[in-house]
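Here are the chains, one letter per residue:
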Amino acid sequence: MKIMVINGPNINMLGTREPEIYGSLTLDDIINNLKDYAKTLGIELETFQSNVEGEIVNTIQKAKNDCSGIVINPAAYTHTSVAIRDAIAAVGLPCVEVHLSNIHNREEFRKNSLTAPVCIGQIAGFGANSYKLGLQGLVDYINAT
Ligand code: CA2
């Protein structure tokens, strides 16, 4: 089983600022830890990060070819992107939305997710662990369907 892991804008800047909100790990740290975890689940990961909305849409569409599901942190596009929401709905792959921070206890504008309603679920507020929990939930869901 292969799972696509997508990260949106500014996540490549993790570990440089605001560690009190996002933790001190870099994106490379998070991805390397997640790949180790994926091995224990016996699955393969493909990973992608972009600051460009259309590139994220292209990657969601590409996942349809060879992936069983998607873990996505759309970052700021969570709150704005109809295009990413439509891409998730269009490919029909099971998708889990993850966030490092608890978007529900922050600014009002972060509380709304345009993407969560087309995902099977959302995990927010567990730092880098949100990715592991999201991956575990997605794999369990796929195995049960
Ligand atoms: O909590 C999350 O995972 C977010 O998706 C992170 C996004 C934010 O826009 C979402 O509302 C919640 C921000 C990504 C990274 O932002 C940085 C800001 C400063 C320094 C480094 C990264």
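Please read these numbers as outputs of a predicted model, since none were measured by experiment. (Residues numbered from 1 in each chain as written. Predicted model: local features only at pLDDT ≥ 70, side-chain atom pairs only at ≥ 80, totals over all residues. Heavy atoms only, no water.)

## Focus on the overall build of the protein chain
- If you tally the helices and strands in the protein chain, you get 6 helices and 5 strands.
- Sequence-ordered secondary structure for the protein chain, helices as α and strands as β, is β-α-α-β-α-β-α-β-α-β-α.
- In summary, the protein chain has a C-alpha radius of gyration of 14 Å against a globular reference of 15 Å for 145 residues, a match within 12%.
- In terms of its C-alpha atoms, the protein chain occupies a principal-axis envelope of roughly 35 × 35 × 25 Å.
- Evaluated residue by residue, the protein chain yields a buried proportion of 43% over its 145 residues. (Helix = DSSP H or I, 4+ residues; strand = E, 2+ residues; numbered from the N terminus. Rg over C-alpha atoms; globule rule 2.2 N^0.38 Å. Buried < 20%, exposed > 50% of the residue type's maximum accessible area, 1.4 Å probe, protein only.)

## Quick word on the site of the ligand
- As a matter of local geometry, the ligand sits amid 16 residues, with Asn73, His79, Leu100, Ser101 and Arg110 nearest to it.
- Between the ligand and His79 there is a distance of 2.8 Å, counted from an oxygen atom to a side-chain nitrogen or oxygen.
- One nitrogen or oxygen atom from the main chain of Leu100 is found 2.7 Å from an oxygen atom belonging to the ligand.
- Its free accessible area being 510 Å², the ligand has 92% of it covered by the protein chains.
- Residue composition of the shell around the ligand, grouped by class: 8 nonpolar, 5 polar and 3 charged. (Near = heavy atom within 4 Å. Polar contact = N/O pair within 3.5 Å; in protein donor to acceptor, adjacent residues only side chain to side chain. Areas by Shrake-Rupley, 256 points an atom, 1.4 Å probe, with all protein chains shown as cover. Nonpolar A, V, L, I, M, F, W, Y, C, P; charged D, E, K, R; others polar.)

## So, the sheet that holds strand E4 (residues 95–99)
- With parallel pairing, 5 strands are arranged side by side in an open sheet as E2-E1-E3-E4-E5. Across the chains shown, the open sheet's two edge strands, defined by having one partner strand only, are strand E2 (44–49) and strand E5 (121–124). Mean inter-strand twist for the sheet, computed between neighbouring axes without regard to direction, equals 20°.
- For strand E1 (residues 2–7) and strand E3 (residues 69–73), the ladder comprises 5 bridges, and the chain directions are parallel. Paired with Met4 across the bridge in E3 is Ile70. (Pairing = 2+ DSSP bridges. Axes fitted to C-alpha atoms, helices over the stretch in contact; angles between N-to-C directions.)

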